[in-house]
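So the chains spell out like this:
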Amino acid sequence: MRMITFFLIGLAVHVVFFVSIFDIYFTSPLVHGMTPQVTPLGPPASRLVLVVGDGLRADSLFTLLPNGSSRAPYLRSVIEQRGTWGVSHTRVPTESRPGHVALIAGFYEDVSAVAKGWKENPVEFDSVFNESRHTWCWGSPDILPMFAKGASGDHVYTHTYPAQEEDFASTDASRLDSWVFNQVKSLFQSAKSNSSLRESLLEDQNVFFLHLLGIDTNGHAHRPMSQEYLENVALVDTGVAELVSLVEEFFGYDGRTAYVFTSDHGMTNWGSHGAGHPSETLTPLVVWGAGVQSAHRVTDAQPYTDGYLQDWKLEHIRRVDVNQADIAPLMASLIGVPIPVNSVGVLPLLYLNNSEQFKAESMYANAIQVLEQFKVKMTQKKETTLSFLFTPYQLLTESKQAEFIHKARILIQLEKYGDAISLCRSLISHALEGLVYYHTYDRFFLGCSVVLGFVGWTSYVVVVILKTHASLNRHPSLLKQIPSHTLARLCMCVTAAITVFLLIQRSPVTYYIYCLLPVPVWYSVLKESGTLTDLIRSAPSLPLWKCFGYFLLVALGIELLVVSFFHRAMLTVGLAVLALWPFLSGLYGKSKFRSVSWFLGCLCLAAFPLMPVVGREPNIHLVTCAGLLTLFTSVCYLWSSGRRAPLHLSDKQQFVAQMLHVAVCAYVPSLTHSSLQQKQGLPLLNQIISWTTLASSMLVPLLSSTRLFHRLLSIFLSLTATYLLLSTGSEALFPPVLSWLMFVWINIEQEAMLAQGVSGRQELSTIDFSANIDITKIRQLKLDDIRRSYFFVFFIITAFFGTGNIASINSFDPASVYCFLTVFNPFIMGGLMMWKVIIPFIIVMCTFETIQVATQLSSRSLFLIVLVISDLMALHFFFLVQDYGSWLDIGTSISHYVIVMSMTIFLMLLSVVTHIFTSQRLTLWRRTKMHFP
């Protein structure tokens, strides 16, 4: 099979394995076709005002100032006198879009929305706004359009400011909140002279939604402990007080307005959110007005052990915590609209000040609304499963559903409201568990298919390695494989049986791919059974103990890499062990200087996984130091290189220009940081330099000589310049240290080749990437090549986790991209952060490409071993994926599999890019012909 064909097939197989996890775990849980449920009794409120302080932490609102006063005196007075308060517990990802979906629609993040940057849900969903008579919204263009688009009709009116206003470099982000409050005042002012608007406002079941983004923007730009953030909290408190006064005056103090004040998510001390730290998941909830229980004083200890009551001096006022999705049914109950049909929230009755009958009826409506989702989900699954294979959820069979509903109605009629409420809560609990049961019904079946395909593919790659790249004893007489036509017929029968089974079950198209993929893969493996016979026949001539030792070390190494995904410090342990390699293998005696350099390089790199991922305070001086270190190492190399072989004038000019460019890029972050601190915004010149550097980073190296170390130095300088612009602290030192170790690795591999007695070794300084490889010098694989491949995978994982991991992308500090832009844009910012992660990848990939050339191996052979190692890791993580525990645990386990699978696919593509990056040259003008000594 040609390399390009094998590459394309391998890419397709891995894309299928990668996509499978989204079908198994990342499908939308939403169902449609439910009947809306509403409480039959009259609601206590005619209208609802929802105020969301985006990015407001619970402690930022509830904690008193040192002098005993509150920075939010109005909301504090509501808590102590006329409202009910608590902590709203959000779920990961703690981002604005999923937070608002939970608040207003009552269900948690639809993970299939991740592809849309959490700005818009790919599936239509119901919300309190959709069920209302009219909803007026003011705030961010990132949030409001989502709910207007999902609403049926045109009764949701949105008023947003331009997206450019969401600027982290803004002199005063609190103006976003002032704009919202002013717009609300304008609406009520206009209603005095606009009779149709006034009539609309006076109708019942209306909602007013204020999305206040200033707190979040100031938190990102200045941190939550900053004066700007805390002053913004005070401004919001004043705005809420004025808003309540305005609303009450307009409606004639009729006592029919309910108010809800909360937040979509919190924020870490270093100004980020997205992960599961308590500072991100604990948000304030204050509810008051019509139908809401007033402050309830308590003398006994409350059932909370987190210590916050004492910290906030609120132990004498009853605290009622809720899950974020519970706020949607609470709002719906207060104004008498149907609970959003996709809601999984449970009505928090302690917030209601109404009759026991109203509470029981509201809880019954909540239970039926959740049960409706369960019934639709059950019907869908029953229709697509053969009757004798269908296993219903035992706690909520059709007979038990009817029994629950009948018993609840009887209890309400007998006025046993407490018992009815308890029964309804039990029904909700069972229905939610049943929803998960049916949502994951096909998971085991699909998982087995994917694993079968995975094992088959890995087996096939091993067979290809043995057949084409290993020196096995060939025995033609023993190549009696399974007859090709018999094997083909067997596979055709299996394919037909699977297809018929899936057709009967009306399975989605993707199911056919997952279930049928293992058939051709295993056909290819079984067809090459003769290779396995060769391996068995060759066994007596192989150094079995040495083989066993190698495979045992690689197996332990793979386990170490798997553990490093959970504990980054394991990479430090791994690097410490790798540092000893020259001493254990005997290379130290042959090359002391290179062995010591390797030892020191590994130890220096080992420091990075021990550093915190997020939460670092910016240290721009370290970025400048990284620039100086880059320049120093470059000068040292050029000096030593110049002594061995003089540089061509044009190459010398390019290196000097690149080094000056690195010096400029080392200074730009300092200049930008200083400008933003002084609230002067992002300087235009800095922005132009940053974007120009990014755009040219992949082109400039192509202008340099293709001689081995000349091209590598050009790549290093170009990528480091971009990395410096994306750095805020110690991570800027990572590329120089990694590049140093990679340089030593290239040199020490030459010594390893010499120790193995490989003939025809070429001097590194004379190797040219663009030269045609001499086919006659390409050698077969040796056991030591397994070690080389493992080193590569280890360094790739280190490049990814060395300065950060998935949490630092999901919960990143926007300060990293301030040299490029300060206006919030999740796709551009996310793209820049991903490029920052990729830069160390490219450095390692270029090194691996160099080692393949220097050690006279075909690029295919080493890469096949890498493929086997990474696929074994991916299979390991596939088994570690879990659907129990906290949302964070589940999300993390899935993320690890996705990272390894995407890394495998990415390495396939990057290997092609790297080959072009190292061997191709752009010629802007004709050069005189050069003769290298």
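**Student:** Requested: an account of the confidence of the model for the chain, with residues and values cited.
**Tutor:** For any part of a model where pLDDT is low, the fine detail of the predicted coordinates should not be relied upon. Averaged over all residues, the pLDDT of the chain equals 85, while 87% of them reach at least 70. Taken together, the stretch residues 477–481 has pLDDT below 50 and engages in 8 contacts with residues farther than four places along the chain or on a different chain. Here residues 929–933 is a poorly scored stretch, pLDDT under 50, and it has 5 contacts once near neighbours within four places are set aside; other chains count.

**Student:** Describe the packing of aromatic side chains, and please don't skip the residues or the numbers.
**Tutor:** As enumerated under the stated definition, the model contains 50 aromatic pairs in all. A centroid spacing of 5.6 Å and a plane angle of 50° characterise the contact between Phe374 and Tyr438, whose relative ring orientation is tilted. On the criterion of sequence distance, the pair formed by Phe374 in helix α14 (residues 356–383) and Tyr438 in helix α16 (residues 417–439) is long-range, its members being 64 residues apart. By relative accessible area, Tyr438 is classed as buried at 2%. Between Trp581 and Phe791 the ring centres are 5.2 Å apart and the planes differ by 85°, which places this aromatic pair in the edge-to-face class. Here the residue Trp581 occupies a position in helix α24 (residues 581–585), and Phe791 occupies one in helix α31 (residues 783–801), the gap between them amounting to 210 residues.

**Student:** How would you explain the environment of Thr822 if you had to name every residue and give the values?
**Tutor:** Within the element layout of this structure, Thr822 appears in the loop between α32 (806–810) and α33 (826–854). The exposure class assigned to Thr822 is buried, which follows from its relative accessible area of 6%. Along the chain, Thr822 and Leu682 lie 140 residues apart, while their C-alpha atoms are 7.3 Å from each other.

**Student:** Could you give an account of the nonpolar core, with specific residues and numbers?
**Tutor:** Soluble globular proteins tend to pack their nonpolar side chains together in the buried interior. Core analysis: the largest hydrophobic core is formed by 146 residues, its most contacted members being Trp598, Trp745, Phe792, Phe795 and Met873. Of the residues forming this core, the biggest block, 16 residues, is contributed by α33. Here Met873 is in contact with Ile558, Leu561, Val562, Phe565, Val793, Ile797 and Val900, once residues within four sequence places are set aside. Among the nonpolar cores identified, the runner-up in size contains 69 residues, and Leu30, Ala367, Leu371 and Phe390 belong to it.

**Student:** Can you tell me about the pattern of salt bridges, naming the residues and giving the values?
**Tutor:** For the structure shown, the criterion picks out 16 salt bridges. Where Arg47 meets Asp254, a salt bridge forms, and the shortest distance between an N and an O atom there is 2.9 Å. Taken together, the residues Arg47 in strand β1 (residues 47–53) and Asp254 in the loop between α10 (227–250) and β6 (257–262) connect sequence positions 207 residues apart. For Glu749, the salt bridge identified is with Arg788, shortest N-O distance 2.7 Å. A residue pair is termed long-range when its members are at least 10 positions apart, and Glu749 in helix α30 (residues 734–755) and Arg788 in helix α31 qualify at 39 residues. Salt bridges sharing partners connect three or more residues here, namely Glu749, Asp785, Arg787 and Arg788.

What counts as what
Residues numbered from 1 in each chain as written. Predicted model: local features only at pLDDT ≥ 70, side-chain atom pairs only at ≥ 80, totals over all residues. Heavy atoms only, no water. pLDDT = per-residue confidence, 0-100. Contact = heavy atoms within 4.5 Å. Phe/Tyr/Trp six-rings, centres within 6.5 Å; stacked < 30°, edge-to-face > 60°. Helix = DSSP H or I, 4+ residues; strand = E, 2+ residues; numbered from the N terminus. Buried < 20%, exposed > 50% of the residue type's maximum accessible area, 1.4 Å probe, protein only. Core = buried A, V, L, I, M, F, W, Y, C linked by side-chain atoms within 4.5 Å. Salt bridge = Lys/Arg side-chain N within 4 Å of Asp/Glu carboxyl O.

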